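Residue-level structural notes
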Amino acid sequence: MHDATGRIGDIWGPRTPHGRDTIWPVRVDQELADGVSEDEVERWVQSACVLCSNGCACDIAVKDGRMVGVRGRAVDRINHGRLGPKGLYGSWQWSGKDRLTTPLIREDGQLVETDWDTAMSRIVTESKRRQPLAHGFYTSGQLFLEEYYTLAVIGKAGLGTPHMDGNTRLCTATAAAALKETFGSDGQPGSYNDIEACDAIFLFGHNMAATQTVLWSRVLDRIEGADPPVVVAVDPRSTPVAETAERTGGVHLEPLPGTNQALMNGLLHELIEHGWVDREYVDAHTLGYDELAATVAAYGPERVAEICGLPAADIRRTAEIFGTSGRVLSTVLQGFYQSHQATAASCQVNNLHLLRGLIGKPGCGILQMNGQPTAENTRECGADGDLPGFRNWANPAHIDELARLWNVDSLVIPHWAPPTHAMQLWRYVEQGSIDFLWISATNPAVSLPELSRIRDLLSRDELFLVVQDGFLTETAQYADVVLPAAMWGEKQGTFTNASRTVHLSDQAVEPPGEARSDLDIFLDYARRMDFRDRDGRPLIGWSTPEEAFEAWKECSRGRPCDYSGLSYERLRGGSGIPWPCTEKAPEGVDRLYSDSEFPTDPEQCEDYGHDLLTGGSTSPDKYKASSPGGRAFLKAAEYSEPGEWISADYPLLGTSGRSPYHFHTRTKTGRSRRLNEAAPEVWVEVAEADAARLGVADGDLVRVESARGAVKGKARIGSGREGVVFVPFHYGYWDRAGQAPDGQPTAANEFTLTEWDPVSKQPLFKVSAVRVSKEE
Amino acid sequence: MHLASYLGLLRDSEASLAKGFQLVGAHHGDEPDVERLCEVLGDQAAAHVRALDPVVQRYGEHEDSEPARLQAAEFSGTREGGVGLLRDLQDLYSLASFVDITWTVVNQAAQALRDRELLEVISSCQQETGRQLSWLQTRIKQAAPQALIAAD
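Nothing here was measured: the structure is a model prediction, and the numbers come from that model.

Here we come to the overall build of chain A. The secondary structure content of chain A amounts to 27 helices and 28 strands. A globule of 776 residues ought to have a C-alpha radius of gyration of about 28 Å, and chain A, at 24 Å, matches this closely. With the principal axes as the frame, chain A shows a C-alpha extent of 70 × 65 × 55 Å. Taking all 776 residues of chain A together, 64% fall into the buried category. Restricting to contacts in chain A with at least 6 residues of sequence separation, those with at least 24 account for 75%.

Let us now look at the overall build of chain B. When helices and strands are counted, chain B shows four helices and zero strands. At 17 Å, chain B has a C-alpha radius of gyration in line with the 15 Å of a compact globule built from 152 residues. Along the longest, intermediate and shortest principal axes, the C-alpha atoms of chain B span 55 × 30 × 20 Å. A total of 152 residues make up chain B; the buried ones form 38% of that total. Taking contacts inside chain B between residues at least 6 apart in sequence as the whole, the part at least 24 apart equals 77%.

Residues and elements named next belong to chain A. Overall, antiparallel pairing links the three strands, which are arranged 19-20-21 in an open sheet. One side of each edge strand has no neighbouring strand; the edge strands of this open sheet are strand 19 (493-496) and strand 21 (577-578). As paired elements, strand 20 (residues 501-505) and strand 21 share two bridges and run antiparallel to each other. The residue of strand 21 that forms the bridge with Val 502 is Ile 577.

Before going further, it helps to examine the interface of chain A and chain B. Bring the parts together and some accessible area is lost; that lost area is often taken as the interface size. Between chain A and chain B, the residue contacts involve 22 residues of the former and 19 residues of the latter. Across the side of chain A that touches chain B, the residue classes tally to eight nonpolar, eleven polar and three charged.

Another aspect to go through is the sheet that holds strand 11 (residues 230-234) of chain A. What holds strands together in a sheet is hydrogen bonding between their backbones, with the strands either parallel or antiparallel. Residue and element names in this part refer to chain A. Ordered by their spatial adjacency, five strands build an open sheet running 12-11-10-14-15, and the pairing between neighbours is parallel. On the outer flanks of this sheet lie strand 12 (251-253) and strand 15 (366-368), each paired with one strand and no other. Within this sheet the neighbouring strands show an average axis-to-axis angle of 10 degrees, counted without direction. Bridge count between strand 11 and strand 12: three bridges; the pairing is parallel. For Ala 233, the partnering residue across the bridge sits in strand 12 and is His 252. Helix-sheet contacts for helix 9 (residues 240-247) involve strand 10 (200-204), strand 11 and strand 12, and the interaxial angle to strand 11 is about 140 degrees.

Let's shift gears to the nonpolar core. In this structure, Tyr149(A), Leu267(A), Val466(A), Val482(A), Val704(A) and Val725(A) are the most contacted members of the largest nonpolar core, which totals 230 residues. A per-element tally of this core places helix 3 (residues 145-159) of chain A first, with nine residues. Setting aside anything within four residues of it in sequence, one finds Val466(A) in contact with Ile123(A), Trp438(A), Ile439(A), Ala479(A), Asp480(A), Val481(A) and Leu483(A). The next biggest cluster of nonpolar side chains, apart from the first, holds 31 residues, and it includes Leu85(B), Ala96(B), Val106(B) and Ala147(B).

Turning next to the pairing of strand 14 (residues 328-332) of chain A. Residues and elements named next belong to chain A. In terms of residue burial, strand 14 counts as a mostly covered element, since five of its five residues are buried. Alternating residues of strand 14 divide into Val 328, Ser 330 and Val 332 and Leu 329 and Thr 331, and every residue in both groups is buried. In this structure, strand 10 lies alongside strand 14, joined through five bridges in parallel fashion. Bridging from a neighbouring strand, Leu 203 pairs with Thr 331 of strand 14. As judged from the three bridges shared by strand 14 and strand 15, these two strands associate in the parallel manner. For Ser 330, the partnering residue across the bridge sits in strand 15 and is Ile 366.

Between its terminal C-alpha atoms helix 3 of chain A stretches 20 Å, which fits the 21 Å expected from 15 residues at 1.5 Å a residue. With its phi angle positive at about 80 degrees, Gly160(A) sits one or two positions after the end of helix 3 of chain A.

Residue and element names in this part refer to chain A. Each neighbour pair has its own omega, and for Trp 579 with Pro 580 the value is 0 degrees, a cis peptide bond. Relative to the elements of secondary structure, Pro 580 occurs in the loop between strand 21 and helix 25 (620-625). The phi torsion at Gln 341 lies on the positive side, around 55 degrees, for a residue other than glycine. Structurally, Gln 341 can be placed in the loop between helix 15 (334-337) and helix 16 (342-356).

It is worth spelling out helix 2 (residues 32-59) of chain B at this point. Residues and elements named next belong to chain B. The terminal C-alpha atoms of helix 2, which comprises 28 residues, lie 41 Å apart, in line with the 40 Å expected from a rise of 1.5 Å per residue. The largest bend in helix 2 is about 30 degrees, located at Leu 52, with the proline Pro 54 one to four residues further on. Pro 32, Asp 33, Val 34, Arg 36, Leu 37, Cys 38, Leu 41, Gly 42, Ala 45, His 48, Leu 52 and Val 55 are the residues of helix 2 that are buried. Structurally, helix 2 contributes buried residues whose contacts are with helix 1 (3-27), helix 3 (81-113) and helix 4 (116-150). Looking one or two residues beyond helix 2, the residue adopting positive phi is Gly 60, at roughly 90 degrees.

Let's shift gears to the domain arrangement of chain A. Residue and element names in this part refer to chain A. One can read the domain layout of chain A as domain 1 (2-90), domain 2 (109-170 + 374-457 + 487-556), domain 3 (173-369) and domain 4 (652-774). If you average the C-alpha positions of domain 2 and of domain 4, the two centres end up 31 Å apart. Here the side of domain 2 that touches domain 4 gets four residues from one element, more than from any other, and that element is helix 21 (residues 451-458).

Residues and elements named next belong to chain A. In contact at an axis separation of 9 Å, helix 10 (residues 260-273) and helix 14 (residues 312-324) are set at 60 degrees when each is read in the N-to-C sense. Classified by the angle their axes make, helix 10 and helix 14 are oblique. Viewed along their axes, helix 10 and helix 14 form a crossing whose handedness is right-handed. When helix 10 is examined against helix 14, the residues Gly 266, Leu 267, Glu 270 and Leu 271 are found in contact with a partner set consisting of Ile 315, Arg 316, Thr 318, Ala 319, Phe 322 and Gly 323. Here the residues of the contact of helix 10 with helix 14 sort into five nonpolar, three polar and two charged.

The next point concerns the packing of helix 10 of chain A against helix 16 of chain A. All names here are of chain A. Look at helix 10 against helix 16: their axes get within 9 Å of each other, and the N-to-C directions meet at 15 degrees. Considering their axes alone, helix 10 and helix 16 lie roughly parallel with respect to each other. In this structure, the crossing between helix 10 and helix 16 has a hand that is left-handed. Between helix 10 and helix 16, the contacting residues are Asn 260, Gln 261, Met 264, Asn 265, Leu 267, Leu 268 and Leu 271 on the first element and Ala 344, Ala 345, Gln 348, Asn 351, Leu 352 and Leu 355 on the second. Of the residues in the contact of helix 10 with helix 16, the class split is eight nonpolar, five polar and no charged.

With that settled, consider the environment of Ser217(A). Residues and elements named next belong to chain A. By the element assignment, Ser 217 lies in helix 8 (residues 213-223). Given 24 C-beta atoms within 10 Å, Ser 217 falls into the buried group. Those residues in contact with Ser 217 that sit more than four places away from it in its chain are Trp 12, Gly 13 and Arg 82.

Across chain B, pLDDT averages 92, with 94% of residues at or above 70. Listed scores for the predicted complex are pTM 0.97 and ipTM 0.93.

Residues and elements named next belong to chain A. Strand 20 sits mainly inside the fold: five of its five residues count as buried. Residues of strand 20 alternate between two faces, with Thr 501, His 503 and Ser 505 on one and Val 502 and Leu 504 on the opposite face, all of them buried. As defined by bridge partners, strand 19 adjoins strand 20 across four bridges and the pair is classed as antiparallel. The residue bridging Phe 495 from the neighbouring strand is His 503, located in strand 20. Here strand 19 hands over to strand 20 after four residues, with Arg 500 in that stretch at a positive phi of 70 degrees.

What counts and how
- Residues numbered from 1 in each chain as written.
- Chains lettered and ligands numbered in written order.
- Predicted model: local features only at pLDDT ≥ 70, side-chain atom pairs only at ≥ 80, totals over all residues.
- Helix = DSSP H or I, 4+ residues; strand = E, 2+ residues; numbered from the N terminus.
- Rg over C-alpha atoms; globule rule 2.2 N^0.38 Å.
- Buried ≥ 20, exposed ≤ 12 C-beta atoms within 10 Å, placed from the backbone.
- Contact = placed C-beta atoms within 7 Å.
- Pairing = 2+ DSSP bridges.
- Nonpolar A, V, L, I, M, F, W, Y, C, P; charged D, E, K, R; others polar.
- Axes fitted to C-alpha atoms, helices over the stretch in contact; angles between N-to-C directions.
- Core = buried A, V, L, I, M, F, W, Y, C linked by C-beta atoms within 7 Å.
- Expected span 1.5 Å × (residues − 1).
- Bend = angle between axes of the 7 residues up to and from the residue.
- Domains from an automatic or database assignment.
- Parallel < 35°, antiparallel > 145°, perpendicular 65-115°, else oblique.
- Left-handed = near helix turned anticlockwise from the far one by under 90°.
- pLDDT = per-residue confidence, 0-100.

Now the structure itself:
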């Protein structure tokens, strides 16, 4: 057993090096509360960590009815026993602190304690007064599958509102969109096992060392072993990933924010130019090669170098590594997803793999990553602007399937247009056409772009706002009704990580006070609203997590995300299991598309696709006419200039991102003493040359300001490319001023802009024109 | 031969459409996607005008004998609110549809004339017009229920 003490200083823990095609060794990490020894632990309860999208399996230590520790599960395929700093020091340590223990209701402008019946009655009264389209639901990437599915059925078959999305729109929408555009349906092609088998790893806008620390330790263990892979990092910041790229003989590319699509076209251009293309594979399994080749023809290395601000030689070398390595693994995250032309650029990663036929084979994975632990389930269950089971809103047969499953009229299910995306949902709130908003397990008052606008929206008198959370967050302080929710370890459910692996999280302890699970809260609302099916029976026929899971299995049956072979029983005791899991494949499927048969058939696909430039939908007829027949789409797009760009007033580009020690708005990690001490306050990363010009020294208080708002923080010098300023997005106000800055703005989203990708609708957190000045 | 008149009509219609996109984009700044895409698509339409210039010159600026009946429609002005946005997008859709069918008309003539240069211009431009229509339709479909049913 490895003593986890010191994972603050050594984020990835000690190395367990191994060679290519050998199994990643086990290293069990454990952390117990001060004063608790291992033999005092009464029970270990199976779960998985919810502090990033990696989904490390763990057991929760319980003593005297309290969570007192955590230990990585050695048998699990995801982490082989490991946990990162957040898992070790932030998984349960928040549990005794500042929790909401009773419902709150607003009276005379103040939130006061009340009972469940009063709170729920108020919600139901307000809900019944309104028509379906006046309701909006903004949920999370933090709940369990059973909760999302229940919420989705309430919204789609109970109320019949299209206005439901998750904060997953901010983290994972582009992953889903890029997979749908290329392969016809969502579904992660690759496996984490590809790390063991690959010869090169490309990280596109993915600072894995900070965002998925255990996954990065898996990469480091390959790098320290025999036959290490070459690493390529695409990131305007100088990160541990970037340093590793240089150390392994790879390349660190630092494109200007907003220019990813030009870079990707440049790499594709080189692949085609040098003949690093498997024509036989392309002809048999893809559509659109000629158009792709014609589009990228104009993106020679010199032109791309000029657009992206990169040496042309680095572009050539990067393409050569991709073009000539035997097995290539690519991962993609927010540097692409939250940037200009997000879906287009992420599709080009898929294209690189398709051109070489590097998919569905060991070491040849694509990992379009997620930001949050349960984001995958929001997507699958349809709580996020998709339909349950990756069904296609534009395919009447898919709507009929849902109508039969739920025994409702298909006209009840909103499918006249794609479900409303979060940014549009907030716009309807702004316009007043949505005036009933129910927020669960997320904190938009810190996490959405352009916070002064969001605070105005949350303050609207006409808005009836329900917030369901474990803590009185910045957002909860605006609510009319606050519902106290049970959190991780206090309730039961399943969730699925970024590589399709499903874990069961059992209940370890009772929730505090009167807090209830999110599932119980949603079920209570459904009962009180008296939602019924066509035969007059209750619409929602389940009352426990396991019953909800069984209902979901039926919904997923026959779809790409097939859970029908799974059960709570099967998920207990061993490793998590990757879907699709069916009678035919009871152990699940490690990597998708090993037969290069893609779910693009018009009757199977989740989406008919979009124009990557505009987001205009491809019509069903046009899609069918392309006769995809199981072939993948090589979608092409020209580079276009970002809408917001530097000017004389705002000469720098501001981007935001994560610290390895915090998750989201620090509601959990900020209440962990060790994590809080490791990263107590916001900082501003300024490149050396910019700092010199501005007269800013390390530790100086600086102000980062855009046309929309400003943040103040201490400067850290030297770790970004010139012209780029980085601010971590974790630092809201709950532990300082309360719900708003009060003269000390620390949330990066004070300066970000309200703009989104035309296809995935993911906001552009990575391209804000800003200026930096020294605070006197 | 009336092709010259039709080329003039096409060019003027693209210019109207470009202007329309610019006006709608600038007016609906509170809808960031509309603002941004109208700017991009307006630039496309303006580029079509430039692409047509040499062709129009080649076939000669032709004063039609029936000028009133071959005049391009103009964008009639922007409106407020959710329904206003819907109507503005619908006006753009009408203009873009007119542009689209005019490209088709010119395409037929260009084929009969075996004018390869003109055919190439048509092929790339009309494809973009199709993308404009597809975006407009997508956005209109999304906006319609909320504007017509839920908004005050």
